[in-house]
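Examining the three-dimensional arrangement
One-letter residues, chain by chain:
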Amino acid sequence: MSMSTRAQPLSSSLERRFPLLALLNPGRLARPSAIALGIGLAAGWAAHVFAGLPLWAVTAIVLLALLPVGVLKWREDHRRYGATVMLLSMVLITQGVHTIEHIVQWAQYYLLLLPARQSTGLLSPANAEWVHFVWNWGVLLVVLALMAGGMRNRWAWLLLAVTVAHAVEHTYTFVRYQQVLAELRALNVFSVTAQGLPGIVGRDGWLARSPLTQNTFLCTLPGITTAMRLDVHFWWNVIETSLLLMAGAVFLRGRLFKNR
């Protein structure tokens, strides 16, 4: 199946003005979605209360319960609009869930006043360097596929630049993570984690501490060299998701309503 968009239009004037809302509308799957959510919450609560599973496991159970409905939604998107729009629908939903995770981490730190190491979101095992590395390179590949399928506008090019920079940031932190782990293992230290190391930007990051940037304005940029890691990745995600929404909206409006 090609990455082209099928010519089935979104109907109402509201949908024409806000095509992303129409794309993400579950439609006939709204009731199954609600049922799946209820089942997931009930099963997660039971597993937490009676089996003693941690709260992150409740989140995992809810997501697994919703996954079959998501698959049906994406199959319907493929049938109606083609593979490119289906891929856009998938990344919008998954990136939306990812955004919720970053918001929860921010709230845990700033509103609940938890320490940074405990502000790990609703799915704490996913807050690992290898997950961040794989996730962000996956998002970059999806953006490239969307652009190859026709999503090429000014917002999409900005999105591509940000996703490349974000992937490079997590590549740097992943490599540093592996280096520090190797050093700890060489010292027979296995009880200390190297998770949460600074990246290229942010407090104690490469820009702030590298000999190449010392005595230049690059090592003193407010926020860019002073923000803590939690804030750095919160804003990476805000910028990336905002550009994805704008690029997707322009693409859908131009493609789905072309010549209509």
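Residues numbered from 1 in each chain as written. Predicted model: local features only at pLDDT ≥ 70, side-chain atom pairs only at ≥ 80, totals over all residues. Heavy atoms only, no water.

**Focus on the nonpolar core**
The biggest cluster of nonpolar side chains holds 30 residues, and the ones touching the most others in it are Leu 23, Leu 88, Met 151 and Leu 252. If you list the elements that add at least two residues to this core, you get helix 2 (19-24), helix 5 (83-110), helix 6 (129-148), helix 7 (154-186) and helix 9 (229-256). When residues of this core are assigned to their parent elements, the largest contribution, eight residues, is made by helix 9. Ignoring any residue separated from it by four or fewer positions in sequence, one finds Leu 88 in contact with Leu 23, Leu 146, Met 151, Leu 244, Gly 248, Phe 251 and Leu 252. (Core = buried A, V, L, I, M, F, W, Y, C linked by side-chain atoms within 4.5 Å. Buried < 20%, exposed > 50% of the residue type's maximum accessible area, 1.4 Å probe, protein only. Helix = DSSP H or I, 4+ residues; strand = E, 2+ residues; numbered from the N terminus. Contact = heavy atoms within 4.5 Å.)

**Describing the pattern of salt bridges**
Across all of its chains, the model carries five salt bridges by this definition. A salt bridge links Asp 77 to Lys 73; the nearest nitrogen and oxygen atoms lie 2.8 Å apart. Of this pair, Asp 77 and Lys 73 both sit in helix 4 (residues 55-81), separated by four residues, roughly a single helical turn. There is no split in this pair, since Asp 77 and Lys 73 are both buried. Note that Asp 204 is salt-bridged to Arg 209, the shortest N-O span being 3.5 Å. Classification of Asp 204 as partly exposed rests on a relative accessible area of 43%. When salt bridges with common partners are traced through the structure, they connect Arg 28, Glu 76 and Arg 79 into a single cluster. (Salt bridge = Lys/Arg side-chain N within 4 Å of Asp/Glu carboxyl O.)

**Some thoughts on unusual backbone geometry**
For Leu 113, which is not glycine, the phi dihedral falls at a positive 60°. Mapped onto the fold, Leu 113 is located in the loop between helix 5 and helix 6.

**Some thoughts on the confidence of the model for the protein**
Per-residue pLDDT for the protein has a mean of 88; in total, 92% of the residues score no lower than 70. A low-confidence stretch, residues 1-11 (pLDDT under 50), is modelled with 41 contacts involving residues beyond four sequence positions or located in other chains. (pLDDT = per-residue confidence, 0-100.)

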